[in-house]
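Coordinates in review
The lines below spell out each chain.
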Amino acid sequence: GTNRLKEATRMKKIMIVDDDVTSVAIVKALLEPEFEVVSANTGVEALGELQRSPDLNLILLDMVMPGVSGMDLLKVLKKSENWSNISVIFLTSLEGVDIELEGFTNGASDFLQKPVNAELLRLKIKRQLFIQDLKAENQHLQKTLQTLHSRIDQVFNEVLPWVQRPVSRSTKRRCAWLCVQRYAR
């Protein structure tokens, strides 16, 4: 209920990871009116920021950086239980199918060529955030469905003690549906 509403209406948080401070400043300026933006200039700084900002929704990640590359950082993120669900869009001046194949194989959500097109950047970010929202809603609905199945089982175990033989789960569901239809009127 209210927690999902708060999640949907709060400002989404994006981290830009790029060793080029000019690129960071440009992308930050494009996004800040609509998103909360944090930045890091190295992979190590990014890991520190992730520790401080567990509520990150998306990472814009430069592929080529000194030290820890964007691909190496992506691999670390996707192996982590805490960070594996964060969408990662690579920002890169590199081109080629091999680069994209490696990125997607390791869990990248998308790619965007530098120099960044502002409209395309916003569209790709919004698409990834929409997918995240759909996944969260799906998880919520799965939990709700599981709870309803348990309640149906509980009702039948309480209401039908006179049944001598075990009642199959599908029979319980059919009976529950009939009860819901009858009493929902």
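Anything mentioned here points back to the structure above.
What comes next concerns the included structure. (Residues numbered from 1 in each chain as written. Predicted model: local features only at pLDDT ≥ 70, side-chain atom pairs only at ≥ 80, totals over all residues. Heavy atoms only, no water.)

1. Here's the deal with the packing of helix H4 (residues 70–79) against helix H5 (residues 97–105)
Relative to each other, H4 and H5 sit at 20°, their axes nearing to 10 Å. Taken together, H4 and H5 sit at an angle that is classed as roughly parallel. In terms of crossing hand, the pair formed by H4 and H5 is left-handed. Residues Met71, Leu74 and Lys75 of H4 pack against Ile99, Glu102 and Gly103 of H5. Looking at the contact of H4 with H5 residue by residue, the class counts come to three nonpolar, one polar and two charged. (Axes fitted to C-alpha atoms, helices over the stretch in contact; angles between N-to-C directions. Helix = DSSP H or I, 4+ residues; strand = E, 2+ residues; numbered from the N terminus. Parallel < 35°, antiparallel > 145°, perpendicular 65-115°, else oblique. Left-handed = near helix turned anticlockwise from the far one by under 90°. Contact = heavy atoms within 4.5 Å. Nonpolar A, V, L, I, M, F, W, Y, C, P; charged D, E, K, R; others polar.)

2. Re the pairing of strand S5 (residues 110–113)
Strand direction decides the pairing type here: strand S4 (residues 87–92) and S5, joined by four bridges, are parallel. Within the sheet, the bridge partner assigned to Ile89 lies in S5 and is Asp110. For the crossover that starts at S4, traverses H5 and ends in the parallel S5, the hand is right-handed. (Pairing = 2+ DSSP bridges. Right-handed = clockwise from strand over helix to strand, strands pointing away.)

3. Remarks on the environment of Leu60
Take Leu60: it is sitting in strand S3 (residues 58–62). With near-sequence residues (within four places) excluded, Leu60 lies in contact with Ile14, Met15, Ile16, Val17, Val27, Leu31, Ile89, Leu91, Leu121 and Ile125.

4. With respect to the sheet that holds S3
Read across the sheet, five strands follow the order S2-S1-S3-S4-S5 without closing on themselves; strand pairing throughout is parallel. Since the sheet does not close on itself, it has two edges, and those belong to strand S2 (36–40) and S5, each with one partner. Averaged over all neighbouring strand pairs, the angle between strand axes comes to 20°, with direction disregarded. One ladder, built from five bridges, connects S3 with S4; its direction is parallel. Its bridge partner lying in S4, Leu58 is registered against Ser87. Each of strand S1 (13–17), S2 and S3 is contacted by helix H3 (residues 43–52), which is oriented at about 165° to S1, the strand it contacts most.

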